[in-house]
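Residue strings, one per chain:
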Amino acid sequence: MKILLVEDEENVASFIKKGLEEENHTVDVAVDGKEGFLKAASMEYDLLILDIMLPGVDGIDLCRLIRMKGIHTPVLMLTAKDTVEDKVRGLDSGADDYLTKPFSFEELLARIRALFRRRQFPVEPLRCGDLKIEPITRKVTRSGKEIYLRPKEFALLECLMKNKNKVLSRTQILRDVWGYNFDPTTNVVDVHINFLREKIDRGYPTKLIHTVRGSGYMIKEDD
Ligand code: CA
């Protein structure tokens, strides 16, 4: 999953980030409400973890702003105070659940799992022509024939499929698939697009992955 964590306390942020990355999630960190809002609005995340106590815009206002913007990503709030008032305000602002600090990492993972069970994580396959990917099982088929992708290849294809018929810049792809802190001068996107083309398009008369000169890449059904 791709997760945004908004937390100003460096040690708490790195503890959560490290733990979630060990569980194979990609984690972006924002250190205040403003940065959190900008990231949540510009990128598609599977989960937002918002600390309530933040400098400037606090977690509750941030959650409210995110929901007003029409972003329905699940939100887990972190609160230092175990008060009913804080919980009610958090849930009223559009959060799905909250966790009181200090918490164990196991508890955080359990809350995340519960949240997705309740939310019924979308299991609809994504399609482009005869290409189909199943986000949960990570099964990829073209014309019914199974294609085996490495994790980053799958993440790249999923990113393209979620934005079918839209041009994505290298920077957008880089941020979405590799995370914010990746060196923007890298050619990792082009390299992985080539890997994908080998596996997805090679040998098929209709090519699905298109290079848009000067702009980036897109996946679409026809020319
Ligand atoms: Ca804080």
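Here's what I pulled together on the structure shown here. No experiment lies behind these values; they were computed from the predicted model shown.

1. What to know about the overall build of the protein chain
Okay, step 1: When its secondary structure is counted, the protein chain shows eight helices and 11 strands.
Okay, step 2: Relative to its length of 223 residues, the protein chain is compact, with a C-alpha radius of gyration of 19 Å against a globular reference of 17 Å.
Okay, step 3: The C-alpha extent of the protein chain, read off along each of the three principal axes, is 60 × 35 × 30 Å.
Okay, step 4: Going through the 223 residues of the protein chain one by one, you find that 45% of them count as buried.
Okay, step 5: In the protein chain, the proportion of contacts linking residues at least 24 apart, taken out of those at least 6 apart, comes to 57%.
Okay, step 6: In the form shown here, the protein chain has an accessible surface area of approximately 11900 Å², with 51% of it arising from carbon and sulfur atoms.

2. Section: unusual backbone geometry
Okay, step 1: Here the residue pair Lys101 and Pro102 is connected by a cis peptide bond, since its omega of -5 degrees sits within 30 degrees of zero.
Okay, step 2: Among the structural elements, Pro102 can be located in the loop between strand S5 (97-100) and helix H5 (105-119).
Okay, step 3: Of note in this structure, Asn24 is not a glycine but carries a positive phi near 70 degrees.
Okay, step 4: Assignment of secondary structure puts Asn24 in the loop between helix H1 (10-22) and strand S2 (26-30).
Okay, step 5: Of the residues examined, Asn24 reaches a relative accessible area of 69% and is grouped as exposed.

3. Some details on the pairing of S2
Okay, step 1: Here strand S1 (residues 2-6) pairs with S2 via five bridges, running parallel. Bridge pairing links Leu4 to Asp28 in S2.
Okay, step 2: Between S1 and its parallel partner S2, the chain crosses via H1, and the hand of that crossover is right-handed.

4. Topic: the coordination of the calcium ion
Reference geometry at the metal: tetrahedral coordination by four donors gives ideal angles of 109.5 degrees; octahedral coordination by six donors gives 90 or 180 degrees.
Okay, step 1: Within the first shell, the calcium ion binds the protein through Glu7 (OE), Asp8 (OD), Glu9 (OE), Asp51 (OD) and Met53 (O), at distances of 2.0 to 3.0 Å.
Okay, step 2: Read in sequence order, the donor residues coordinating the calcium ion give the pattern E-D-E-x41-D-x1-M.

5. A few points about helix H2 (residues 33-42)
Okay, step 1: Along H2, the residues classified as buried are Gly33, Gly36, Lys39 and Ala40. Each buried residue of H2 sits inside an arc of 130 degrees when the element is viewed along its axis, so together they form one side. Looking at H2, the residues exposed on the side facing more than 90 degrees away from the buried face are Lys34 and Leu38.
Okay, step 2: The residue sitting at the N-terminus of H2 and contributing the capping side-chain oxygen is Asp32; that oxygen lies 3.2 Å from the backbone nitrogen of Lys34.

6. Looking at the nonpolar core
Okay, step 1: Membership of the largest hydrophobic core comes to 26 residues, with the highest contact counts inside it found for Val140, Leu157, Leu160, Ile173, Ile200 and Ile219.
Okay, step 2: Listing elements by their share of this core, those giving two or more residues are strand S7 (131-134), helix H6 (151-162), helix H7 (170-178), helix H8 (188-200) and strand S11 (216-219).
Okay, step 3: When residues of this core are assigned to their parent elements, the largest contribution, six residues, is made by H6.
Okay, step 4: In terms of nonpolar packing, the next biggest core, distinct from the first, is built from 19 residues, Ile3, Leu5, Ile16 and Val27 among them.

7. Overview of the packing of aromatic side chains
Okay, step 1: Taken as a whole and judged by the stated rule, the model has one aromatic pair.
Okay, step 2: On the numbers, 5.8 Å between centres and 85 degrees between planes, the contact of Phe15 with Phe105 is edge-to-face. One end of the pair, Phe15, is in helix H1; the other, Phe105, is in helix H5, with 90 residues separating them in the sequence.
Okay, step 3: Judged by its relative accessible area of 15%, Phe105 falls in the buried class.
Okay, step 4: Between the NZ or CZ atom of Arg150 and the centre of the ring of Phe195, over which it lies, the distance is 5.0 Å.

Parameters and conventions
Residues numbered from 1 in each chain as written. Predicted model: local features only at pLDDT ≥ 70, side-chain atom pairs only at ≥ 80, totals over all residues. Heavy atoms only, no water. Helix = DSSP H or I, 4+ residues; strand = E, 2+ residues; numbered from the N terminus. Rg over C-alpha atoms; globule rule 2.2 N^0.38 Å. Buried < 20%, exposed > 50% of the residue type's maximum accessible area, 1.4 Å probe, protein only. Contact = heavy atoms within 4.5 Å. Areas by Shrake-Rupley, 256 points an atom, 1.4 Å probe, with all protein chains shown as cover. Pairing = 2+ DSSP bridges. Right-handed = clockwise from strand over helix to strand, strands pointing away. Donors = N, O, S within 2.8 Å, 3.2 Å for Na, K, Ca; no water. Arc of directions from axis to C-beta. Polar contact = N/O pair within 3.5 Å; in protein donor to acceptor, adjacent residues only side chain to side chain. Core = buried A, V, L, I, M, F, W, Y, C linked by side-chain atoms within 4.5 Å. Phe/Tyr/Trp six-rings, centres within 6.5 Å; stacked < 30°, edge-to-face > 60°. Lys NZ or Arg CZ within 6 Å of the ring centre and 35° of its normal.

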